[in-house]
Amino acid sequence: MREGLLEIFQETYQELRPGSSPPELTIEFFAFANINNTIRLREGRLLVRLSDLLEGAPDAVLRAIAHILLAKMYRKPIDRGQAARYRKYVGSHELTRKAHLVRQMRGRKLLRSPRGHFYDLEAIFEELNTRFFHGLMARPQMSWSQTKTRRIIGHYDPAHNAIIISRIFDHPAMPRYVLEYIVYHEMLHLKHPVKLRGSRRCVHSAEFQAEEKLFPRVAEANTFLKRL
Ligand SMILES: [Zn+2]
């Protein structure tokens, strides 16, 4: 644990509740996906969990968060200066960016398995990779969507380097070539990153569209998808 942290909490406790001695305190830094700090009283012990993003924060900021948590716990008014100090630190550019990165990394783990009940997205990717890309494409994270969405049937997420396919296609009534076509389309997004043409974003460039036509049953697949 960070040096001096326990003292900061004990001193803050005494400021808020002069005359009473602080209960036993356990303070841990915890890997929250969002900046999050919690306090609980359990069997006479105070359990404090601080976001690991605060691990490198200056003492004044840790004092501020100690004040906010303990004031909440004991229903005391929160000092405006302390609240402002904490908000300022959390809102600062660097920390926001770090939180974003951490969220991204942890968000990655929330992706579902590529293995569905009927189709395995990784196997489909590798087959298409061999058939159309000489096996040269590095496989991104392959994942079925969390919900059975019809609105977005497939999606390449460059921030997570992940291809997400709607779970509605993990069904025996869905022909394999249709699913292959959707994965193929998303693989083309990986191959042809979005270009800026003037101020317009060009998602499906001419090269993209030409290459998409190489999929043997593209017309048939599109007809099937329109009837969904
Ligand atoms: Zn597209």
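A short tour of the structure in this document, coming up. Treat the numbers as computed from the prediction; the structure is a model and nothing was measured.

A word on the coordination of the zinc ion. Bound to the zinc ion on the protein side are His 185 (NE2), His 189 (NE2) and His 204 (NE2), at distances that span 2.0 to 2.1 Å. Note on His 204: relative accessible area 34%, which makes it partly exposed.

A word on the packing of aromatic side chains. Throughout the structure, instances matching the rule amount to six aromatic pairs. On the numbers, 5.8 Å between centres and 35 degrees between planes, the contact of Phe 133 with Tyr 184 is tilted. Of this pair, Phe 133 sits in helix 5 (residues 121–133) while Tyr 184 sits in helix 6 (residues 176–191); the two residues are 51 residues apart in sequence, bridging distant segments of the chain. A relative accessible area of 6% places Phe 133 in the buried class. We classify Tyr 184 as buried; its relative accessible area is 1%. Seen from their ring centres, Tyr 184 and Phe 215 are 5.4 Å apart, and the 35 degrees between their planes marks the pair as tilted. A residue pair is termed long-range when its members are at least 10 positions apart, and Tyr 184 in helix 6 and Phe 215 in the loop between helix 7 (206–212) and helix 8 (218–226) qualify at 31 residues. Neither Tyr 184 nor Phe 215 differs from the other in exposure class; each is buried. Aromatic rings pair up to connect Phe 132, Phe 133, Tyr 181, Tyr 184 and Phe 215 into one cluster. Positioned over the ring face of Tyr 177 is Arg 217, at 3.7 Å from the centre of the ring.

Of note, Thr 12 is situated in helix 1 (residues 5–16). A polar atom in the side chain of Thr 12 sits 2.6 Å from the backbone oxygen of Ile 8.

Attention now goes to the sheet that holds strand 3 (residues 45–51). Strand order across the open sheet formed by three strands is 1-3-2, with mixed pairing between neighbours. Every interior strand has two partners, whereas the edge strands, strand 1 (24–30) and strand 2 (38–42), have only one. Between one strand and the next, the sheet's axes are offset by a mean angle of 20 degrees, whatever the strand orientation. Of the pairings in the sheet, the one linking strand 1 to strand 3 comprises seven bridges and is parallel in character. Looking at the pairing, Leu 25 lines up with Leu 46 of strand 3. Of the strands in this sheet, strand 1 and strand 3 touch helix 1, which is tilted by about 130 degrees from strand 1.

This part is about the nonpolar core. Ranked by size, the top nonpolar core spans 29 residues in total, and within it Ile 165, Phe 169, Leu 179, Val 183 and Met 187 carry the most contacts. Counting residues per element, the ones that place at least two in this core are helix 5, strand 4 (141–144), strand 6 (162–165), helix 6 and helix 8. The greatest single-element share of this core, amounting to nine residues, is contributed by helix 6. Apart from residues no more than four positions distant in its own chain, Met 187 is found in contact with Phe 125, Leu 128, Asn 129, Phe 133, Met 137 and Ile 163. Residues Ile 8, Leu 25, Ala 57 and Ile 68 belong to the second largest nonpolar core, which totals 25 residues.

This part is about the sheet that holds strand 6. Adjacent strands of a sheet form backbone hydrogen bonds with each other and so pair up, either parallel or antiparallel. The strand order across the open sheet formed by three strands is 4-6-5, and the pairing between neighbours is mixed. Only two strands of the sheet have a single partner each, and these edge strands are strand 4 and strand 5 (154–157). Ignoring strand direction, the axes of neighbouring strands in this sheet form an average angle of 15 degrees. Strand direction decides the pairing type here: strand 5 and strand 6, joined by four bridges, are antiparallel. Across the sheet, residue Tyr 156 finds its bridge partner in strand 6, namely Ile 163. Helix 5 contacts strand 4 and strand 6 of the sheet and is inclined by roughly 130 degrees relative to strand 4. Contacts from helix 6 reach strand 4, strand 5 and strand 6, with the element oriented near 155 degrees to strand 6.

What counts and what doesn't
- Residue indices follow the written sequence of each chain, beginning from 1 at its first position.
- With the structure being a predicted model, the display of local features is reserved for residues of pLDDT at least 70 and the display and counting of side-chain atom pairs for 80 or more, all residues being used for whole-chain, interface and lining totals.
- To obtain the side-chain values, all non-hydrogen atoms of the structure were used and water was disregarded.
- Excluding water, the donors of a metal are its N, O and S neighbours within 2.8 Å, or within 3.2 Å for Na, K and Ca, and that exclusion means sites may look incomplete.
- Burial classification: accessible surface area is computed with a 1.4 Å probe over protein chains only, and a residue below 20% of its type maximum counts as buried, one above 50% as exposed, and the rest as partly exposed.
- Stacked, edge-to-face and tilted are the three classes for Phe, Tyr and Trp ring pairs, Trp counted by its six-membered ring, which pair at centre distances within 6.5 Å; planes under 30 degrees apart are stacked, over 60 edge-to-face, the rest tilted.
- Helical segments are the DSSP runs of H or I of at least four residues, strand segments are the runs of E of at least two, and each set is numbered from the N terminus.
- Note on geometry: a ring has a charge over it if NZ (lysine) or CZ (arginine) is within 6 Å of the ring centre and within 35 degrees of the ring normal.
- Here a polar contact is recorded for every N or O atom pair within 3.5 Å, except that within protein the pair must consist of a potential hydrogen donor and a potential acceptor, and residues adjacent in sequence are included only if both atoms are side-chain atoms.
- Strands pair, by our definition, only if DSSP identifies at least two bridges between them.
- In this analysis an axis means a line fitted to C-alpha atoms, helices contributing only their contacting stretch, and an angle means the value between N-to-C directions, from 0 to 180 degrees.
- The contact criterion used throughout is that any non-hydrogen atoms of two residues lie within 4.5 Å.
- To qualify as a nonpolar core, a set must consist of buried Ala, Val, Leu, Ile, Met, Phe, Trp, Tyr and Cys residues joined through side-chain atoms within 4.5 Å.

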